[in-house]
Amino acid sequence: MTSIISAVTRNRWSVLVAPYVLTQPGAERIADLHLIRQHAEQAGWQVTPSTFADIGQPPPLAQRSGFAAACRYAAQGHAHGILAIAQPAITTDPQTYAYVLDHLGRRGVFLAYLPSA
């Protein structure tokens, strides 16, 4: 994450993040996206116009079309990173998490979360 952000800011570009949430549509999703926007703003990052989501309890990562779309979107150069509320929104499995970080890192994309309270 640090090396990607350094490369972006060294070129005087704004860091762009694609928001990803794992929640039902409605008030909770709106609140989560608002928190993500607030954090991005505080970090000096810009939020992409596209947001990504999957519904409810975490299905296996391979079945999450919203997260897959966020990864493709960022890998295609539309964002430098994906910003989620917390790691459990992505996965709690250490092997899967390592794979996701490697997969995104090879494409020049970072994965970030809001600071824990």
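J.: Outline the overall build of the chain, supporting the account with residue identities and numerical values.
T.: Assigned secondary structure in the chain consists of 4 helices and 5 strands. Helices and strands in the chain line up, N terminus first, as α-β-α-β-β-α-β-α-β. Judged by the C-alpha coordinates and their principal axes, the chain covers about 40 × 30 × 25 Å. For the chain, the residues scored as buried account for 41% of the 117 residues in total. A separation threshold of at least 6 residues defines the contact pool for the chain, and within that pool the share at least 24 residues apart is 72%.

J.: Summarise the side chain of Arg29; cite the residues concerned and give the values.
T.: Relative to the elements of secondary structure, Arg29 occurs in helix α2 (residues 27–43). One buried charged residue, Arg29, remains without a salt bridge, the closest side chain of opposite sign being Asp54 at 7.4 Å.

J.: Now, about the environment of His39: what can you tell me, with residues and values included?
T.: Mapped onto the fold, His39 is located in helix α2. When its relative accessible area of 15% is taken as the criterion, His39 is described as buried. Residue contacts for His39: discarding those within four places in its chain leaves Leu83, Tyr113, Leu114 and Pro115.

J.: Residue-level account of the side chain of Thr48, with values.
T.: Relative to the helices and strands, Thr48 resides in the loop between β2 (46–47) and β3 (52–54). A residue is classified by how much of its surface remains accessible, and Thr48, at 4% relative accessible area, is buried. Among the polar contacts listed, one links the side chain of Thr48 to the backbone oxygen of Ser50, at a separation of 2.7 Å. Contact partners of Thr48, with chain neighbours within four places excluded, come to Leu16, Val17, Ala18, Pro19, Tyr73, His78 and Ala79.

J.: Go over the nonpolar core with me, naming the residues and quoting the values.
T.: Tyr20, Phe67, Ile82, Ile90, Val100, Leu104 and Leu111 are the most contacted members of the largest nonpolar core, which totals 21 residues. Those elements giving two or more residues to this core turn out to be β1 (16–22), α3 (65–78), β4 (81–84), α4 (94–106) and β5 (110–113). A total of 5 residues in this core trace back to one element, the largest contributor, which is α3. Ranked by size, the runner-up nonpolar core spans 13 residues in total, among them Ile5, Val21, Ala40 and Phe110.

How each quantity is defined
- Residues numbered from 1 in each chain as written.
- Predicted model: local features only at pLDDT ≥ 70, side-chain atom pairs only at ≥ 80, totals over all residues.
- Heavy atoms only, no water.
- Helix = DSSP H or I, 4+ residues; strand = E, 2+ residues; numbered from the N terminus.
- Buried < 20%, exposed > 50% of the residue type's maximum accessible area, 1.4 Å probe, protein only.
- Contact = heavy atoms within 4.5 Å.
- Lys, Arg positive; Asp, Glu negative; His and termini not counted.
- Salt bridge = Lys/Arg side-chain N within 4 Å of Asp/Glu carboxyl O.
- Polar contact = N/O pair within 3.5 Å; in protein donor to acceptor, adjacent residues only side chain to side chain.
- Core = buried A, V, L, I, M, F, W, Y, C linked by side-chain atoms within 4.5 Å.

Purely geometric stuff here, so don't read any function into it on its own.
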